[in-house]
Amino acid sequence: MSDTPLITTDQLAKFEFNDDLLSSYRKSKQIPLDLYDRTGKLIMAKKKNATEDDFGKLLKIELQGAYCLTSDSKQLRVTSGDTTDPRNTKLFDPDKTTEFAKQTESLILELKKEAFNSDHAIRVHKSIGKVLDDFTNNPDFESGLFNILEILNHAGVPVESELMTKRTIVAMGMKVRTKKIGVGNDNKPNKKDHLSVMTASFLADIGYSKILLPDKPNLTKEEYNTIQQHPIISYLMTLAAPEITQEIRTLVLNHHRPFRGNAINNNFPDNNTVFRKLMVIRDKFIKDPSKKMIVADIDAQLRIQESNVNSVNFEEDIAILSLASEYASLTTNQPWRPAFSSATALKMIVNDSFFSYSNRNIRHLLDYVGASLTNNQNIINVGNYVITASIDSEKQVHFDICKILEVDRFQTRPKIQRICTIKPLFKKGIKYRIADFDINEIRMDKRRAVIDLAGHTSSTQRIIYIIDPEMNAPLYDAVTKMDNA
């Protein structure tokens, strides 16, 4: 029989995983209290001289929830004398960020007149490396505010430069917060993966410098087909600079394929289109000895397109690029519409995610940088209505209208109460999307089942739509009446 005393549930208090607390533990290099599951079983013991692996384990048990002894609750207070909330720290220096945007503007102007070359690549690497170093040298980089919109609203740079700057910085934040910077074999910080994502984010749309872009929202099929070619054009432009690695080129070529798989999705250009175009270019260059390195890179890209198999990290990097691009576009003034607020842009991305992004992709955006982009205000809060999607054993998708009951650290994994099931109205235009939901096709849940998404990490159920009164008033009004009936 174990000598470990039995901890009863009345001795336990919920352990709240807030950024201030975890930051103080990391700075002091200790986990000062024992953590238990809800039954009183010890899942992590207190530890002095805690390592990064220990803090990694601490973060892993966040989703399942953890409890501490009520008598240890005093340890939940941050003992540092600093009373400033690090979540309110603005992470980006206005002068340095504006300078980066101005440098981006200069590059775009050059690319409209000349080809991308090694000098351009070296400049991009240096400026992006500086941005990453400035960001990670801020002690509050994991919890502070992304004040990028505030800065760029007054920077006075063209739309193209604003988009590239914003996309690069948001992608950097998502990558850094979802994959910690480790130490390489040389005992120095290994930032290769982070710099690759940032560089790909920066270069992903340089192909637009060679395309005459229409300044209207409703594109013809021909105009849309032209715009769809920009990933391939951007990729081809980077081939002249050996400083741009094959990995970065692969990300650039595929940055609009956020949700790979066999089901219907919004990937573009699709695999077959990319493969055919690369084959044409390869056949054109293969007899030219001076194009040997270019042909070798194209051959490698063809193998990737043909196999359609990539690592999880690679797929996540593609999604990071695509999400950062969407956020940047939605929050930027366009010739045909004003910029959306940060909160509205995030809601629009969620509501358009069903055919485009996995649950994990959306979690990376909302749970790791979402609140930082909206002045610490969640877009999913207690009392809100959302629609979730889940897949049963027969691969049938079910859509449920739910009410938010509790939101802890992660806003994509709240406790919800199911009100009813509903059927979506799908539409195929330029992209697949959910145009609306049919309020005449509703089945009420008399049980009002309560589901804790944080406690069901293996469940397929995920939030795919936020019912906002300003974005879909008829649906919001109908759901409110049902909930109060």
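Notes on the structure follow. (Residues numbered from 1 in each chain as written. Predicted model: local features only at pLDDT ≥ 70, side-chain atom pairs only at ≥ 80, totals over all residues. Heavy atoms only, no water.)

1. Things to note about the overall build of the protein
Move 1: Along the protein, the regular secondary structure elements total 16 helices and 14 strands.
Move 2: The C-alpha radius of gyration computed for the protein amounts to 24 Å, which stays within 12% of the reference 23 Å derived for 485 residues, consistent with globular compactness.
Move 3: Across the 485 residues in the protein, those meeting the buried criterion constitute 49%.
Move 4: Across the protein, every contact between residues at least 6 apart in sequence was considered, and the portion connecting residues at least 24 apart equals 69%.
Move 5: Carbon and sulfur atoms make up 51% of the accessible area of the protein, which totals about 24,600 Å².
Move 6: Averaging the positions of the 66 positive and the 62 negative side-chain charges in the protein gives two centres separated by 2 Å. (Helix = DSSP H or I, 4+ residues; strand = E, 2+ residues; numbered from the N terminus. Rg over C-alpha atoms; globule rule 2.2 N^0.38 Å. Buried < 20%, exposed > 50% of the residue type's maximum accessible area, 1.4 Å probe, protein only. Contact = heavy atoms within 4.5 Å. Areas by Shrake-Rupley, 256 points an atom, 1.4 Å probe, with all protein chains shown as cover. Lys, Arg positive; Asp, Glu negative; His and termini not counted. Charge placed at Lys NZ, Arg CZ, Asp CG, Glu CD.)

2. Some details on the nonpolar core
Move 1: One finds F116 and M172 to be the most contacted residues of the largest nonpolar core, which totals 81 residues.
Move 2: Ranked by the residues each element gives to this core, the list is headed by helix α13 (residues 312-330), at eight residues.
Move 3: Taken domain by domain, this core gets at least three of its residues from each of domain 2 (88-331) and domain 3 (380-484).
Move 4: In contact with F116, not counting residues within four places along its chain, are L111, A121, L203, I206, M237, T238, A240, A241 and I244.
Move 5: Membership of the second largest hydrophobic core comes to 18 residues, among which are I401, I419, L475 and V479. (Core = buried A, V, L, I, M, F, W, Y, C linked by side-chain atoms within 4.5 Å. Domains from an automatic or database assignment.)

3. A look at the side chain of T136
Move 1: Locating T136 in the fold gives a position in helix α4 (residues 118-136).
Move 2: According to the relative accessible area criterion, T136 is buried, its value standing at 16%.
Move 3: Residue contacts for T136: discarding those within four places in its chain leaves F141, V176, I181 and K191.

4. Details of the packing of helix α6 (residues 159-178) against helix α15 (residues 359-370)
Move 1: The contact between α6 and α15 brings their axes to 9 Å, and the two run at 90 degrees. In terms of their interaxial angle, α6 and α15 are classed as roughly perpendicular. Residues G173, M174, R177 and T178 of α6 lie in contact with α15, whose contacting residues are H364, L365, Y368 and V369.
Move 2: The class makeup of the residues in the contact of α6 with α15 is four nonpolar, three polar and one charged. (Axes fitted to C-alpha atoms, helices over the stretch in contact; angles between N-to-C directions. Parallel < 35°, antiparallel > 145°, perpendicular 65-115°, else oblique. Nonpolar A, V, L, I, M, F, W, Y, C, P; charged D, E, K, R; others polar.)

5. Quick look at the pattern of salt bridges
Move 1: Within the structure shown, the criterion is met by 27 salt bridges.
Move 2: Of the charged contacts in the structure, one is a salt bridge between K192 and E247, with a shortest N-O distance of 2.8 Å. Remark: E247 occurs in helix α10 (residues 246-254) and K192 occurs in helix α7 (residues 192-203); sequence separation between them is 55 residues.
Move 3: Relative accessible area serves as the criterion here: at 48%, K192 is assigned to the partly exposed category.
Move 4: Overlapping salt bridges bring together D400, R418, D445 and R447 as one network. (Salt bridge = Lys/Arg side-chain N within 4 Å of Asp/Glu carboxyl O.)

The values reported here are purely geometric and, on their own, carry no functional implication.
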